[in-house]
Amino acid sequence: MNRPLGTAAPLAALVLAGSLLAGCAGGSNSDEAAGDVVRITYIADLTGPGAFYGEDWAAGAEYAVDEINDAGGIGGRTLEIDVVDSASDQAAAVGAMNSAARSDSSVVMYALLSQNALAMAPVAQREEVPFIVGQSSVDGVTDVGDFVYRTSTSEGDYYGAMLRNLQEQGVESTAILYAGDNPTAVTNATERIPAIAEELGIEVTDTIEVRTADTDYSQPASRIVEGSPDAVANLTFGPAVTTSIQALRSAGYDGPLYGTSALGSGALTPAGDAAVDTYYPSAFIPAADLPWASGVAFLEEYEAATGDQPSFSTAGGHDQVAFLAAALESIGEGEVTRNSLKDALAVVAADGFVGATGDPIRFGEDRIADTPGVLVRWDGTTETVAPGQQGPLLDGYTGNDG
Amino acid sequence: MNLEIWFGTNEGYIQAALVTTLLAASVQVALRSGVLSFAGIGFYGVGAYGAGYLQVTRGWSFAMAALTVVALTLVLAALLALLLARLRALYLAMATIAFVLLVQIAALSWDGVTGGAIGLFGIPPMLGTGGVAIVVVAALVLSALTQRSGAGRRQRLLREDEVLAGALGIDVRRHHRIAFVHSALLGALAGICQADLLTVFTPENLGFGVIVSALTALVVGGTWHWAGPFLGACIFAWMPVWLAFAGEWRALAEGGLTIVVLIFLPAGLAGVVQLAARRARRMRRPEDRSAFTSDGAANIPSDSLEVSR
Amino acid sequence: MLQQLVNAGALGSIYTLFALGLTLSWGIVNILNLAHGAIFTAGTVVAYLLTRDLDGLPLPVVVLAAAAVCALISMLIEALVFEQIRKRSRNELDTEMRTLIASVAAAAMLVTVAAVVSHHQPYALPGSLMERVTWEVGPVRITNVQVVVLVSALVLAAALTLFVQRSKYGRALRAIAFDRTAAGLSGVSARSLQLAAMGLSGALAGTAGVLLAVYLGAADAHMGDAYLLKAFAIIILAGVGSLGGTVAFAYVLAVVETLVGYWAGADLRDAVAFGLIIVVLLVRPQGFTARGGWQRA
């Protein structure tokens, strides 16, 4: 017995594993009806690399909850939102999803990182808790089943209208710079944009893959300039947006840039004058001439209530809750359980609801929302609605007032 | 608190702790024989993608897929061990880090198998948390048993004095190869388990960050003790929850706490557990003290004794 | 083609600036300091805060300020963390691993501060810090920033080499690298020499950070990470502690990456870079330029 933690230790480990097994076997949740309060668990990336956007998503959702409660709730019920930080981390996000599934929350919401959403969705489907994803660049997130919805449109669906707009400005050729480690960028750079370009008769001079962690873009920039394109697609993310734009201008490129909604103001502001004339699609921007009235109304109300300008993330967070609110409307006085909520979401998905990012917002068979979208032009300091925009950016979208 | 509810709400963190345990153990088994190899982290990718691909794309059963991946790992690891046999210490570490990054590049580029940047998703969960827990326990029991046996003593000699080990007739190269392959196997198992638990695996799940978290869990838990990987992995899984109150400064608090542990607990958390057990025993049987000290000192790394002084 | 060599020259200079400080701490104090990238980031944050609040500061002043702050951070980490760990352990391998992990933790702390200060967004230094001028020489475009980066890297590398090989302190540094007790004989305590070496390493990181932020046009909290692995590889290839080898391999890696990236794309670029590391290690397991002297391996 003079060996510390002798044979007892492995035995203790076995006991531990046994109890783990027992714990998991009994882990089924009960779907109890919500009372006067419908609880939402909002999992958001409040810290870590996604924090800049994550904070806005959560703020938008919290604002929407306050707005609904101030107006007296829905069907005699009020909403309660519990915001949990997933720290831009997959394990933390899945952990938070598991906790939420076993809690008395009627619905779970998340937005932002697709690798997190993809890992959370199967848990939601398995535990049968409605899961409303605000944004996730991979479409497959809703494939797992009928408990999972996504309230944003695939960005690539806006690219046709964006390229037509550029073509009208005289663009006849384009180069594509993209982050090969980002799923959306890969699909858009290697499939969508080339297909659209071919259809429109725009020549693709170069398709150049980079990495998000790259910092020095002088080599790809010089190469792009050699092909002298009329426009350059910049499908990069985070600091790479800023540094790649700087590198392109340093290499002598002076034409327009276009790309993903990740090109938003946070990444373009530090690029200064170099970023003027950058175009990108967005679900929402804080502009008074937004082409749909519900968006402008949201902008005004949000500014009046908080004194801040809402971003597309704020609007997105608001619409996740608006989707839930519409489902609760349709349930009315009836019982709110996770299952009845799932059925009500399906009804609303087909009929559409009014949100900050569109009026109406309807969902396809794949439970992914169709929102009109707006083409943005960055003028060096603010996001403006790009000139020459006719109707919604999403092909085939018909709005109530647009 | 009701245990069942606790397991339910903490299942995600338990899963993370289990997989990290295997990864940290993968680094540990190599290190115990004096091999600083991170190749296990590369095989984590091989295991996850291999099992995911065979099940999702090829429609194989879980058992067939897992067995195939394990066999593949054993062959690849043995070849890699031969190739890298000349390298020691940090040079081996760098070469294996390069291997991990090459696996990540393959994950990004080999679309047909790995799904490219999107990754693999829809991997059927077959093991579940309980199954993975059994894998982890088996790995730890094996580790604890070898640490206590003659093999454990040979390993200690290998990492402390290779020349002496050679002189005493221990086949140094063979031991290094075995340690390398064992490490790779644990890495591959971690990958199979991770893919099974998450049902998705993307290039984001790979890379230098995984090496860092495995090594951190190991060192914080206790580098030389079989329970070190598990203790460290648990701390890692739940630390974000405990420190959530720090808000946006949470990572700052995590870093600070890690540094405090590194400075004041030279033998990691396992050292504290050992010390507590020893104290308890000492109080019960004071006459046993001298016998304990001589044997105990030979049995555990010298560092952990410092805490008691 | 020529243009790509110019680009590679600038990239290699950044690698040099980054790797010099790392090889200094590794070669002398025997600390593989993974916080080096975060200290580098701290340099960009200092420059960002300074230029945001004080308009019209000249670049040399900003570089010096960032270097000073980074030297201080680096010395604090050495005194409060690394030294404490060394004091409490006897086993060499254990000390090295705990120091390594502690440096990762310290890096996480610095990066968190940088991320919160910058609201998790990229930040730029004002253009007035260094007005960009582009010269066209035949088919090649060269900016003044590229020239400044190249010259700074070469001058600093030369100065550091001279300092280590010729000055009294440099000799003492090499002495402690070789044998920690020997340094005590020359009248300078090993402890203060180590502290000074870490300070110098931090100052180099700060300088590199500011120059890189000016060169790229922007920085962000996580930027240092990308350079850490590259520098790690360069130092291993060169042999730990070899200053000349570090400079040479910094440019070799930059040229290889730029040319492979140009002809074959990012995938193959990274694969070639990492594959090269394995191959070189297999051929020369101790690195190319390592000698005895102040190399502790």
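Keep in mind the model is a prediction, meaning the values are calculated, not measured.

Engineer: Is there a simple way to explain the overall build of chain B in this structure?
Structural biologist: Helices and strands together make up the secondary structure of chain B, namely 16 helices and two strands. Here chain B has a C-alpha radius of gyration of 20 Å; the compact-globule value for 309 residues is 19 Å, and the two agree. Each principal axis of the C-alpha atoms in chain B carries an extent, and together these give about 65 × 55 × 35 Å. Scored against the burial criterion, the 309 residues of chain B give a buried share of 58%. Within chain B, contacts between residues separated by at least 24 positions form 78% of all contacts whose residues are at least 6 apart in sequence. Summed over all atoms, the accessible surface of chain B reaches about 11700 Å², with 67% contributed by carbon and sulfur. Charge centroids of chain B, computed over 21 positive and 16 negative side chains, lie 10 Å from each other.

Engineer: Help me understand the layout of surface pockets in this model?
Structural biologist: The computed volume of the second largest pocket comes to approximately 950 Å³. Forming the boundary of the second largest pocket are 38 residues, of which B:Leu36, B:Ala89, B:Leu90, C:Leu93 and C:Glu96 lie nearest the centre. Counting residues per element, the ones that place at least two in the lining of the second largest pocket are helix H5 (89-109), helix H8 (150-160) and helix H11 (208-221) of chain B together with helix H4 (92-117) of chain C. It is H4(C) that provides the largest number of residues to the lining of the second largest pocket, a total of eight residues. Considered class by class, the residues forming the lining of the second largest pocket number 25 nonpolar, six polar and seven charged.

Engineer: So what exactly am I meant to see when it comes to the interface of chain B and chain C here?
Structural biologist: Where interface size is quoted, it is often the accessible area lost as the parts come together. Contacts between chain B and chain C engage 39 residues on the former and 45 residues on the latter. Taken over both partners, the interface formed by chain B and chain C buries close to 4100 Å², and the fraction arising from carbon and sulfur atoms is 75%. When the area that chain B buries against chain C is broken down by residue, the three leading residues are B:Tyr91, B:Met94 and B:Ile263, summing to 18%. Scanning the region where chain B abuts chain C turns up zero salt bridges. For the pair chain B and chain C, the number of links is three residue pairs in polar contact (both at pLDDT 80 or more). At the level of secondary structure, the elements contributing two or more residues to the side of chain B that touches chain C comprise H5, H11, helix H13 (250-264) and helix H16 (303-306) of chain B.

Engineer: Help me understand unusual backbone geometry, please; the structure alone is not making it clear to me.
Structural biologist: Only a minority of non-glycine residues have a phi that is not negative, and only a minority of peptide bonds are not trans. Looking along the chain, the bond that leaves A:Asp359 and enters A:Pro360 is cis, with omega of 0°. Its location among the elements puts A:Pro360 in strand E12 (residues 358-363). At A:Ser228, a residue that is not glycine, the phi angle is positive and equals roughly 35°. As for its position among the elements, A:Ser228 is in the loop between helix H7 (218-226) and strand E8 (231-235). Positive phi, close to 60°, is recorded for C:His120, a residue that is not glycine. On the secondary structure map, C:His120 appears in the loop between H4 and strand E1 (134-137). For C:His120, a relative accessible area of 17% corresponds to the buried category.

Engineer: I would appreciate a short explanation of a positive patch on the surface in the present structure.
Structural biologist: All names here are of chain B. Taken together, the side chains of Arg86, Arg153, Arg154, Arg173, Arg174 and Arg177 make up a positively charged region of the molecular surface. When residues of the positive patch are traced back to their parent elements, those giving at least two are H8 and helix H10 (172-198). At three residues, the largest contribution of residues to the positive patch is made by H10.

Engineer: Explanation requested: the UniProt feature "transmembrane region" (unreviewed entry) in chain C in the structure shown.
Structural biologist: Residue and element names in this part refer to chain C. Within this numbering scheme, the UniProt entry marks residues 6-24, 31-51, 57-80, 100-120, 140-164, 195-219, 231-256 and 268-287 as carrying the feature "transmembrane region" (unreviewed entry). Regarding residues 6-24, the helix share stands at 100% and the strand share at 0%, and the terminal C-alpha atoms are separated by 27 Å. From the first C-alpha to the last, residues 100-120 spans 26 Å; its make-up is 86% helix and 0% strand.

Engineer: It is not clear to me how the sheet that holds E8(A) should be interpreted in this structure. Could you clarify?
Structural biologist: Strand pairs in the sheet, formed through backbone hydrogen bonds, run parallel or antiparallel to each other. Residues and elements named next belong to chain A. Reading across the sheet, the seven strands line up as E7-E6-E8-E9-E10-E14-E15 and stay open at both edges, with mixed pairing between neighbours. In this open sheet, the two strands that pair with only one neighbour each are strand E7 (203-210) and strand E15 (383-385). Within the sheet, the average angular offset between the axes of one strand and its neighbour, ignoring direction, is 25°. One ladder, built from two bridges, connects strand E9 (residues 257-259) with strand E10 (residues 278-282); its direction is parallel. Paired with Tyr258 across the bridge in E10 is Tyr279.

Engineer: Which parts of the structure should I look at to understand the packing of aromatic side chains?
Structural biologist: The way to describe two aromatic rings as a pair is by their centre distance and the angle between their planes. Counted according to the given criterion, the structure contains 24 aromatic pairs over all chains. Aromatic side chains A:Phe323 and A:Phe353 sit 5.3 Å apart centroid to centroid with 20° between the ring planes, which places their arrangement in the stacked category. On the criterion of sequence distance, the pair formed by A:Phe323 in helix H11 (residues 312-331) and A:Phe353 in strand E11 (residues 353-355) is long-range, its members being 30 residues apart. On the basis of relative accessibility, which here comes to 0%, the residue A:Phe323 falls in the buried class. You can call A:Phe353 buried: its relative accessible area is 5%. Chaining the aromatic ring pairs together yields one cluster made of A:Tyr63, A:Phe284, A:Phe298 and A:Tyr302. In this structure, A:Arg223 packs its charged tip against the face of C:Tyr262, placed 4.9 Å from the ring centre.

The rules behind the values
- The residue numbering used here restarts from 1 in each chain and proceeds along that chain's sequence as written.
- Think of it this way: whatever chain is written first is A, whatever ligand is written first is 1, and the rest follow in order.
- Given that the model is predicted, a residue must reach a pLDDT of at least 70 before its local features are reported, and side-chain atom pairs must reach 80 or more before they are shown or counted; all residues, however, enter totals for whole chains, interfaces and linings.
- Heavy atoms from the whole structure form the basis of all side-chain values; hydrogens and water molecules are not counted.
- Starting at the N terminus, helices and strands are each numbered in turn, a helix being any DSSP run of H or I of at least four residues and a strand any DSSP run of E of at least two.
- For the radius of gyration, the atom set is restricted to C-alpha positions; the globular benchmark scales as 2.2 Å times the number of residues to the power 0.38.
- With a 1.4 Å probe rolled over the protein chains alone, any residue whose accessible area is under 20% of its type maximum counts as buried; one over 50% counts as exposed, and the rest are partly exposed.
- The contact rule is simple, with two residues in contact once any of their heavy atoms fall within 4.5 Å.
- With residues, only the protein chains shown are counted as cover, and all accessible areas are computed by Shrake-Rupley using a 1.4 Å probe.
- The charge count treats Lys and Arg as positive and Asp and Glu as negative. His and the chain ends do not count.
- Charge coordinates come from a single atom per side chain, which is NZ of Lys, CZ of Arg, CG of Asp or CD of Glu.
- Only protein atoms enter the 1 Å grid used here. Points where a 1.4 Å probe fits but cannot escape make up a cavity, open sets with protein on both sides within 12 Å along at least five of seven lines make up a pocket, and a residue lines them when an atom lies within 4 Å of a point.
- Grid points are joined across faces, edges and corners, and a volume is the space filled by probe spheres set on the points.
- Residues are grouped as follows: Ala, Val, Leu, Ile, Met, Phe, Trp, Tyr, Cys and Pro are nonpolar; Asp, Glu, Lys and Arg are charged; every other residue, Gly included, is polar.
- The buried area of a pairing is the accessible area, by a 1.4 Å probe, that goes missing from both parts when the two are put together, added over both.
- A pairing counts as a salt bridge when a side-chain nitrogen of Lys or Arg comes within 4 Å of a carboxyl oxygen of Asp or Glu.
- Counted as a polar contact is a pair of N or O atoms within 3.5 Å, where, for protein atoms, one must be capable of donating a hydrogen and the other of accepting one, and residues adjacent in sequence contribute only when both atoms are in side chains.
- Only residues whose relative accessible area exceeds 30% and that form no salt bridge enter a patch; like-charged residues are grouped when within 9 Å of one another, and nonpolar side chains (Val, Leu, Ile, Met, Phe, Trp, Tyr) when within 5 Å.
- UniProt positions are given in the numbering used here, feature names are shortened, and annotations may be inferred rather than shown by experiment.
- In this analysis, strands are considered paired if DSSP registers two or more bridges between them.
- Here the axes come from fitting lines to C-alpha atoms, over the contacting stretch only for helices, and the angles between their N-to-C directions go from 0 to 180 degrees.
- What counts as a ring pair is set by centres within 6.5 Å for rings of Phe, Tyr and Trp (its six-membered ring), and what kind of pair is set by the plane angle: stacked under 30 degrees, edge-to-face over 60, tilted for all other angles.
- Cation placement over rings: the criterion is NZ of Lys or CZ of Arg within 6 Å of the ring centroid and within 35° of the ring normal.

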